[in-house]
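Notes for the structure review
Okay, here's what each chain looks like letter by letter:
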Amino acid sequence: MDSGHLKTVPVGDINGDFFVPSYQRGYRWGEQEVRQLLDDIRESDGATYYLQPVVVKAREDGSWELVDGQQRLTTLYLIFRYLKKTHLPSATVGYSLTYETREGSRTYLEQLDEALACSNIDYFHMFRAYKCIDTWFAQFEHRTTHEATRFYGYLFDNVKVLWYEAPATVD
C-alpha cells in the first residue's frame, strides 16, 4: 500500500493549482497570525525556517486538493502578491488557489479589490490580511523596498514546508 510521499519544499518552489474543498473552513487568519508569520520569517534572518506541513492529494485534472495548509498557503500567496504589486514587479507567484465554496476566489486573490472585500466573509479576511501585510512592510519606511527584496529572497530560498503528498486512494 502506498503511504504517500514526504519531502521538504522551499516556498518559492511551490507551484500548481490548489483546490480548497468545501470540507475546509474558509480563510480566517487575522492580524495576529499574519504579523506573527511575517515577524518569524524576518527574524529568521535567512536561516532555514520551517512552516507547518502542507498536505495535498493529486487530482485527476492535474491540480492539487489542498487537504491541510490552506491558511498558510493563502497568506503566503497574499505576501507574494503584495511584493509583486508594490515593490518587485518581477516577483512570481508559482501557484493559484481556488476555494470550492467561493466561486470567484481565484480571481479575487489576483485582484484583491477593496470594493468587493465585503461581498463575502472569505474576501473580507483575505483583504484584511493583505492590508496587514501592507502595514507591516510600511513600518520600514524608507527601507521598505530593501526589506521587501530580502523577504522575497527568504521566501524563495529559506522558508520551507513539509510537503506531504497523500496517496490518491486516501479519502
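Our subject is the structure that appears above.
Computed from a predicted model, the values in this text were never measured in an experiment.

1. Observations regarding unusual backbone geometry
- Although it is not a glycine, Asp45 adopts a positive phi angle of roughly 50°.
- Mapped onto the elements, Asp45 comes out in the loop between α1 (31–43) and β3 (49–58).
- Relative accessible area serves as the criterion here: at 55%, Asp45 is assigned to the exposed category.
- Although it is not a glycine, Leu112 adopts a positive phi angle of roughly 50°.
- Secondary-structure assignment places Leu112 in the loop between α3 (105–111) and α4 (121–138).

2. Digging into the packing of aromatic side chains
- If you walk through the whole model with that rule in mind, you get 14 aromatic pairs.
- With centroids separated by 6.2 Å and ring planes inclined at 85°, the aromatic side chains of Phe80 and Phe156 adopt a geometry described as edge-to-face. Taken together, the positions of Phe80 in helix α2 (residues 70–86) and Phe156 in helix α5 (residues 144–157) put the pair 76 residues apart, joining distant regions of the chain.
- Overall, the relative accessible area of 2% leaves Phe80 in the buried class.

3. Quick word on the pattern of salt bridges
- Evaluated as defined, the whole model comprises 10 salt bridges.
- For Arg28, the salt bridge is made with Asp122, and the minimal N-O distance between the two is 2.4 Å. Here Arg28, found in the loop between β2 (16–20) and α1, pairs with Asp122, found in helix α4; they are 94 residues apart in sequence, far enough to count as distant.
- Classification of Arg28 as partly exposed rests on a relative accessible area of 29%.
- Glu147 is the salt-bridge partner of Arg143, the closest N and O atoms lying 3.4 Å from each other.
- Through salt bridges with shared partners, a single ionic network connects Arg42, Asp45, Arg143, Glu147 and Arg150.

4. Some details on the side chain of Ser96
- Following the sequence through the fold, Ser96 ends up in strand β5 (residues 95–99).
- Only 3.2 Å separates the side chain of Ser96 from the side chain of Arg106, close enough to count as a polar contact.
- With residues near it in sequence (within four places) discarded, Ser96 still touches Gly16, Asp17, Phe18, Tyr77 and Arg106.

Calculation notes
- Residues numbered from 1 in each chain as written.
- Predicted model: local features only at pLDDT ≥ 70, side-chain atom pairs only at ≥ 80, totals over all residues.
- Heavy atoms only, no water.
- Helix = DSSP H or I, 4+ residues; strand = E, 2+ residues; numbered from the N terminus.
- Buried < 20%, exposed > 50% of the residue type's maximum accessible area, 1.4 Å probe, protein only.
- Phe/Tyr/Trp six-rings, centres within 6.5 Å; stacked < 30°, edge-to-face > 60°.
- Salt bridge = Lys/Arg side-chain N within 4 Å of Asp/Glu carboxyl O.
- Polar contact = N/O pair within 3.5 Å; in protein donor to acceptor, adjacent residues only side chain to side chain.
- Contact = heavy atoms within 4.5 Å.

Interpretation in functional terms is not warranted from these geometric data alone.
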